[in-house]
Amino acid sequence: MDDYRRMNSVERVYVDEAGFTGDDLVNLQQPTFVMSAVKLQEEEAYEMLEEARSLSKSQAREIKGKNLWKSTPGKLALKTLLGKLRGRFKITSCNKLYGLCCRFFDFVVEPSVKDFGFGVQGIRLHEFAAHALYIAAQRESGCLEWLKSFQSAIRRTEPSIFIDSVTSSDWARSGIPGLYRFFIEKNQTAIARELLTYGTFDLDLSGTVLLQLLSAWSSNNQPLSVICDESTALNQAALLHLFDSQVGRKETTTIKVGDREIIIGVCLQEQIQFMKSHCVPAIQIADLLASAFLGLTQVQDKSSLDPELLTLFEGGSLHSVEPDSSVLQLPLIHALGNLLMEGVIE
């Protein structure tokens, strides 16, 4: 009976993205990747889309949200849509450069300190380390070059590109970057082995962001049927492989990371489906929200925006991958130093 109830309470979620740049995460012109998911019936989505088209006076086959909020008719259309969608959409964003800094920690530090286990995440040390690197990349061209060479090493499966860039650089002789440098110089073999193990899919954020987005929908363990836009941004084969293990899952797992609880896993009723957005109004609405969110994130002074437009950020998920300055605590500086020193292989 429980399984019967679950099957009859399946929720259909439609997903699209904005800001995709593939495996280029050091893209300063397009720094954010966004995914949006809406929970709608198709008939209702069609009616909402037609109303938005009428209010915005758009003649386009698909309404794009990135610039919609800049015109008076477009702003009215977006506000009307957001009013009807309240509580029925979620958005997950990822700062690409910060995401690359997280990958940096995963590839460069974790392989040599595996004995520390999950305790590293438990005190949010990985977030601190990634954030410290992210801030350095904003200020120091040498750090940005490290990250570019790291990205190239993964793309081309040539670890020497990254290791040579670090060891030949004059940058980072002190502080946290200096610790990173010392650690990398002493762990070249382990780091090279890790970089050779994984392909460019580890630079593709779509799987990570989609998992975070769908996990945000899965807090009540309700089975989901997921329909994504059939676009080049979403690597269908890779995503199907990643999410196959979630099909038939009946409950998610919650883990504690610092003072936060994070949901891991998705309860999928079936394999993720892919459809062309121009054929599916609900996907078009997901696209409109994702691109509008992306456009609004680029506004420096949010206080200048219409308060009704800011409801778009209410759909933002705690699962988003964004820098968090609250992790920059002095005790973690010492913890990171100790971790890197302990992980050095003579």
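Residues numbered from 1 in each chain as written. Predicted model: local features only at pLDDT ≥ 70, side-chain atom pairs only at ≥ 80, totals over all residues. Heavy atoms only, no water.

### Thoughts on the environment of isoleucine 161
In step 1: As for its position among the elements, isoleucine 161 is in helix H8 (residues 159-167).
In step 2: When its relative accessible area of 21% is taken as the criterion, isoleucine 161 is described as partly exposed.
In step 3: Those residues in contact with isoleucine 161 that lie beyond four places of it in its chain are Ser149, Ser152, Ala153 and Arg156. (Helix = DSSP H or I, 4+ residues; strand = E, 2+ residues; numbered from the N terminus. Buried < 20%, exposed > 50% of the residue type's maximum accessible area, 1.4 Å probe, protein only. Contact = heavy atoms within 4.5 Å.)

### A few points about the packing of helix H7 (residues 141-156) against H8
In step 1: Interhelical geometry of H7 versus H8 gives an angle of 160° and a closest axis separation of 6 Å. Relative to H8, H7 is oriented roughly antiparallel. In this structure, H7 crosses over H8, and the sense of that crossing is left-handed. On H8, the residues that touch Glu145, Trp146, Ser149, Phe150, Ser152, Ala153 and Arg156 of H7 are Pro159, Ile161, Phe162, Ser165 and Val166.
In step 2: Residue composition of the contact of H7 with H8, by class: 7 nonpolar, 3 polar and 2 charged. (Axes fitted to C-alpha atoms, helices over the stretch in contact; angles between N-to-C directions. Parallel < 35°, antiparallel > 145°, perpendicular 65-115°, else oblique. Left-handed = near helix turned anticlockwise from the far one by under 90°. Nonpolar A, V, L, I, M, F, W, Y, C, P; charged D, E, K, R; others polar.)

### Observations regarding the pattern of salt bridges
In step 1: All told, the structure shown has 11 salt bridges when counted by the stated rule.
In step 2: Notably, a salt bridge pairs lysine 79 with aspartate 306, separated by 3.0 Å at the nearest N-O pair. With a gap of 227 residues between them, lysine 79 in helix H3 (residues 72-85) and aspartate 306 in the loop between helix H13 (281-297) and helix H14 (330-342) connect regions that are remote in the sequence. We note that lysine 79, like aspartate 306, is buried.
In step 3: When the shortest N-O distance is used, the salt bridge between glutamate 230 and lysine 276 registers 2.9 Å. Within this pair, whereas glutamate 230 is found in the loop between strand E4 (224-229) and helix H12 (236-243), its partner lysine 276 is found in the loop between strand E7 (273-275) and H13, the two being separated by 46 residues in sequence.
In step 4: We classify glutamate 230 as partly exposed; its relative accessible area is 34%.
In step 5: What emerges from the salt-bridge pattern is a single network uniting Lys79, Asp306 and Glu308. (Salt bridge = Lys/Arg side-chain N within 4 Å of Asp/Glu carboxyl O.)

### Let's talk about the packing of helix H4 (residues 96-109) against helix H6 (residues 125-139)
In step 1: Where H4 meets H6, the axes come as close as 8 Å, and the angle between the chain directions of the two elements is 125°. Taken together, the axes of H4 and H6 are oblique relative to one another. You can see that H4 and H6 cross each other, and the crossing is right-handed. Residues Leu97, Tyr98, Cys101, Cys102, Phe104 and Phe105 of H4 pack against His126, Glu127, Ala129, Ala130, His131, Leu133, Tyr134, Ala137 and Gln138 of H6.
In step 2: Per-class residue counts for the contact of H4 with H6 are 11 nonpolar, 3 polar and 1 charged.

### Here's the deal with the packing of aromatic side chains
In step 1: Enumeration over the complete set of coordinates arrives at 8 aromatic pairs.
In step 2: Each ring, one from phenylalanine 104 and one from phenylalanine 162, has its centre 5.6 Å from the other, and the planes form 90°; the classification is edge-to-face. With a gap of 58 residues between them, phenylalanine 104 in helix H4 and phenylalanine 162 in helix H8 connect regions that are remote in the sequence. One exposure class covers both phenylalanine 104 and phenylalanine 162, and it is buried.
In step 3: Summarising the aromatic geometry, the rings of phenylalanine 104 and tyrosine 180 are spaced 5.5 Å apart at their centres and angled 85° between planes, so their arrangement reads as edge-to-face. (Phe/Tyr/Trp six-rings, centres within 6.5 Å; stacked < 30°, edge-to-face > 60°.)

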